[in-house]
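For reference, the chains in residue letters:
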Amino acid sequence: MKQGLGTQLRHLIELLDGAVQQAYTDAGLDYRPRYTPVMRALAQQHSATIGQLAEVAGITQPAVTQTVALMKKEGLLLVEASGADGRQRVVRLSSQGEVLLPRLQECWQATKRAADSLDADLDFPLSECLAQAIAVLEQRSFGDRIRAAHSKTKATL
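Now for a description of the structure that goes with this document.

Parameters at a glance
Residues numbered from 1 in each chain as written. Predicted model: local features only at pLDDT ≥ 70, side-chain atom pairs only at ≥ 80, totals over all residues. Heavy atoms only, no water. Phe/Tyr/Trp six-rings, centres within 6.5 Å; stacked < 30°, edge-to-face > 60°. Buried < 20%, exposed > 50% of the residue type's maximum accessible area, 1.4 Å probe, protein only. Pairing = 2+ DSSP bridges. Helix = DSSP H or I, 4+ residues; strand = E, 2+ residues; numbered from the N terminus. Axes fitted to C-alpha atoms, helices over the stretch in contact; angles between N-to-C directions. Contact = heavy atoms within 4.5 Å. Expected span 1.5 Å × (residues − 1). 1 Å grid on protein atoms, 1.4 Å probe; cavity = no way out; pocket = protein on both sides within 12 Å on 5 of 7 lines; lining within 4 Å. Points joined across faces, edges and corners; volume = space filled by probe spheres on them. Nonpolar A, V, L, I, M, F, W, Y, C, P; charged D, E, K, R; others polar. Domains from an automatic or database assignment. Left-handed = near helix turned anticlockwise from the far one by under 90°.

With that settled, the discussion passes to the packing of aromatic side chains. Tallied over the full model, the rule gives two aromatic pairs. Aromatic pair Tyr-24 and Tyr-31: ring centres 4.8 Å apart, planes at 80°, arrangement edge-to-face. Judged by relative accessible area, which is 1%, Tyr-31 ranks as buried. With 5.5 Å between their ring centres and 85° between their planes, Tyr-31 and Tyr-35 make a pair best called edge-to-face. Tyr-35 carries the same exposure label as Tyr-31, and that label is buried. In textbook terms, an aromatic cluster arises when at least three aromatic residues are bridged by ring pairs, as seen for Tyr-24, Tyr-31 and Tyr-35.

Further remarks concern the sheet that holds strand β1 (residues 47-49). Backbone hydrogen bonds are what pair the strands of a sheet, in a parallel or an antiparallel way. Strand order across the open sheet formed by three strands is β1-β3-β2, with antiparallel pairing between neighbours. Of all strands in the sheet, those bounded by a partner on one side alone are β1 and β2 (77-81). In this sheet, neighbouring strand axes are inclined to one another by 30° on average, regardless of whether the strands run parallel or antiparallel. Across three bridges, β1 lies against strand β3 (residues 89-93) in antiparallel orientation. In the strand pairing of β3, Ser-47 is matched with Arg-92. Docked against the sheet, helix α2 (residues 36-44) engages β1, β2 and β3, running at close to 85° with respect to β3. Packed on one face of the sheet, helix α4 (residues 61-73) meets β2 and β3 and runs near 115° to β2.

What follows deals with helix α1 (residues 5-26). For α1, which comprises 22 residues, the first-to-last C-alpha distance of 31 Å matches the rise-based estimate of 32 Å (1.5 Å per residue) to within 8%. Positive phi appears at Gly-28, one or two residues downstream of α1, with a value of about 80°.

This part is about the layout of surface pockets. The calculated volume of the largest pocket comes to roughly 2000 Å³. Lining the largest pocket are 42 residues, with Ile-13, Leu-16, Asp-17, Leu-130 and Ile-134 positioned closest to its centre. Every element with two or more residues in the lining of the largest pocket is listed here: α1, α2, α3 (50-57), α5 (95-121) and α6 (126-139). Looking at the lining of the largest pocket element by element, the count peaks at 12 residues for α1. Of the residues that constitute the lining of the largest pocket, the class distribution is 30 nonpolar, six polar and six charged. Counting contributing residues, the lining of the largest pocket receives three or more from each of domain 1 (32-121) and domain 2 (125-156).

Let's shift gears to the packing of α1 against α5. Between α1 and α5, whose axes approach to 11 Å, the crossing angle comes to 145°. The hand of the α1/α5 crossing is right-handed. Across the interface between the two elements, Leu-16, Val-20 and Tyr-24 of α1 pack against Leu-104, Cys-107, Trp-108, Thr-111 and Leu-118 of α5. In the contact of α1 with α5, the residues fall into seven nonpolar, one polar and no charged.

Pasting the structure below:
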């Protein structure tokens, strides 16, 4: 039986994240792959709001909020009220996060080389396929596509 798109994507993420997690463990790091978009964003800019992190990292604001909470709990981040607007929270690396950053960057370089190797072994590079899928879904969401398919299914019954 052919697996559905969601099942295939979850399995792909398991294969990729599992290997990346193992690479961190092998490097002696207690670090989760889900932290990487936030760490990369804060490596580029000293501090950012949750909204800015979501935009730079390319993930949803709720995902950033959850990830930042976990990272703060582990001592990787500091979260403070903004001087301009006390309701906004500004996030930055803690000293522990700053110390960890060079070792993470080494892991990220190895992961990038491994991703390039995977792309080279495929008929169509996975990174390009994913970028194209994201762009197309930003034009017309999967939800819209499901609703249209559902309407067509109802019309043929």
